[in-house]
Amino acid sequence: MVDQQHERRIDDLFETMKAANESFLGYPFAKGFSYESLWRFMTVSGNNFGGPFGPQSYRISSRLLECEVIGFFAQLLRAAPSEAWG
């Protein structure tokens with residue numbers, strides 16, 4: 001649990017970063033992405049330890065999605081599927 005002093009520091013940091021983000025002209029990054037649909041995952045724990053293609057012993061993971069992401073980037077980068085991992 002975060003006490004009021006730490007909560008205030010976190011709030012101040014957020015406001016500072018938010019304000020700076022409005023006029024940021026440095027290294028380019030995507031600002032138009034919405035994380036709203038992913039926010040719910042911040043309320044659950046998960047762990048993708050180990051290789052994504054090996055046997056799974058931990059039920060709370062996103063390994064199936066991880067394998068799809070690895071496959072997407074392997075195809076994009078023309079990597080041999082047998083040599084791609086995450």
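Everything below is about the structure printed above this text.
A short tour of the structure in this document, coming up. Throughout, residues of each chain are indexed from 1 in the direction in which the sequence is written. In view of the model being predicted, local features appear only for residues whose pLDDT reaches at least 70, and side-chain atom pairs are presented and counted only at 80 or more, with totals across whole chains, interfaces and linings using the full set of residues. To obtain the side-chain values, all non-hydrogen atoms of the structure were included, while hydrogens and water were left out.

### Re the layout of surface pockets
- For the largest pocket, the calculated volume is near 220 Å³.
- A cavity here means a set of points on a 1 Å grid, drawn over the protein atoms and nothing else, where a 1.4 Å probe fits but cannot get out; a pocket is an open set with protein on both sides within 12 Å along at least five of seven lines, and a residue lines either one if it has an atom within 4 Å of a point. Along the walls of the largest pocket sit F14, N21, F29, A30, K31, F33 and Y35, which together make up its complete lining.
- Any residue outside Ala, Val, Leu, Ile, Met, Phe, Trp, Tyr, Cys, Pro, Asp, Glu, Lys and Arg is labelled polar, Gly included; the first ten of those are nonpolar and the last four are charged. Along the lines of polarity and charge, the residues of the lining of the largest pocket split into 5 nonpolar, 1 polar and 1 charged. Grid points are joined across faces, edges and corners, and a volume is the space filled by probe spheres set on the points.

### Description of helix α1 (residues 4–22)
- Numbering of helices and strands runs from the N terminus, with a helix taken as a DSSP run of H or I at least four residues long and a strand as a DSSP run of E at least two residues long. A helix is expected to span 1.5 Å for every residue after the first. If you check α1, its first and last C-alpha atoms are 27 Å apart, about what 19 residues at 1.5 Å a residue would give, namely 27 Å.
- Polar contacts, as counted here, are pairs of nitrogen or oxygen atoms within 3.5 Å of one another; within protein the pair requires one atom able to donate a hydrogen and one able to accept it, and residues that are adjacent in sequence qualify only if both atoms are side-chain atoms. The N-cap of α1, judged by a side-chain oxygen 3.2 Å from the amide nitrogen of Q5 a few residues on, is D3.

### Focus: the packing of aromatic side chains
- Pairing of aromatic rings covers Phe, Tyr and Trp, the last through its six-membered ring, and needs centres within 6.5 Å; plane angles under 30 degrees mean stacked, over 60 mean edge-to-face, and all others mean tilted. Tallied over the entire structure, the rule returns 2 aromatic pairs.
- Aromatic side chains F72 and F73 sit 5.1 Å apart centroid to centroid with 85 degrees between the ring planes, which places their arrangement in the edge-to-face category.
- Under the relative-accessibility criterion, F72 is labelled partly exposed at 49%. The cut-offs for exposure are 20% and 50% of the maximum accessible area for each residue type, with area from a 1.4 Å probe on protein chains only; residues under the lower value are buried, those over the upper are exposed, and the others partly exposed.

### A short note on a negative patch on the surface
- In this scheme, patches are assembled from residues that exceed 30% relative accessible area and form no salt bridge. Like charges are connected within 9 Å, while nonpolar side chains (Val, Leu, Ile, Met, Phe, Trp, Tyr) are connected within 5 Å. Values of accessible area rely on a 1.4 Å probe in the Shrake-Rupley scheme; residue burial ignores everything except the protein chains shown. For this analysis, a salt bridge means a side-chain nitrogen from Lys or Arg found within 4 Å of a carboxyl oxygen belonging to Asp or Glu. His is not counted, nor are the chain ends, whereas Lys and Arg count as positive and Asp and Glu as negative. Charged groups are reduced to one reference atom each: NZ for lysine, CZ for arginine, CG for aspartic acid, CD for glutamic acid. Judged by side-chain charge, D3, E7, D11, D12 and E15 come together as a negatively charged surface patch.
- Positionally, E15 belongs in helix α1.

### Some remarks on unusual backbone geometry
- With phi around 55 degrees, R78 is a residue other than glycine that occupies positive phi space.
- Looking at the secondary structure, you find R78 in the segment after α2 (63–76).
- Judged by its relative accessible area of 78%, R78 is exposed.

### Let's talk about the side chain of R63
- Here R63 lies in helix α2.
- Buried charge without a salt bridge: R63, with E66 as the nearest opposite-charge side chain at an N-O distance of 5.0 Å.

### Looking at α2
- In a regular helix each residue adds 1.5 Å, so 14 residues correspond to 20 Å; α2 covers 20 Å between its end C-alpha atoms and thus fits that length.
- Of all the residues in α2, the buried ones are R63, E66, I70 and A74. End-on view of α2: buried residues confined to an arc of 70 degrees, all on one side of the axis. In α2, the exposed positions angled more than 90 degrees off the buried face are occupied by L64, L65, E68, Q75 and L76.
- Of the residues trailing α2, R78 is marked for its positive phi of about 55 degrees. In this description, the arc belongs to the directions extending from the helix axis to the C-beta atoms.

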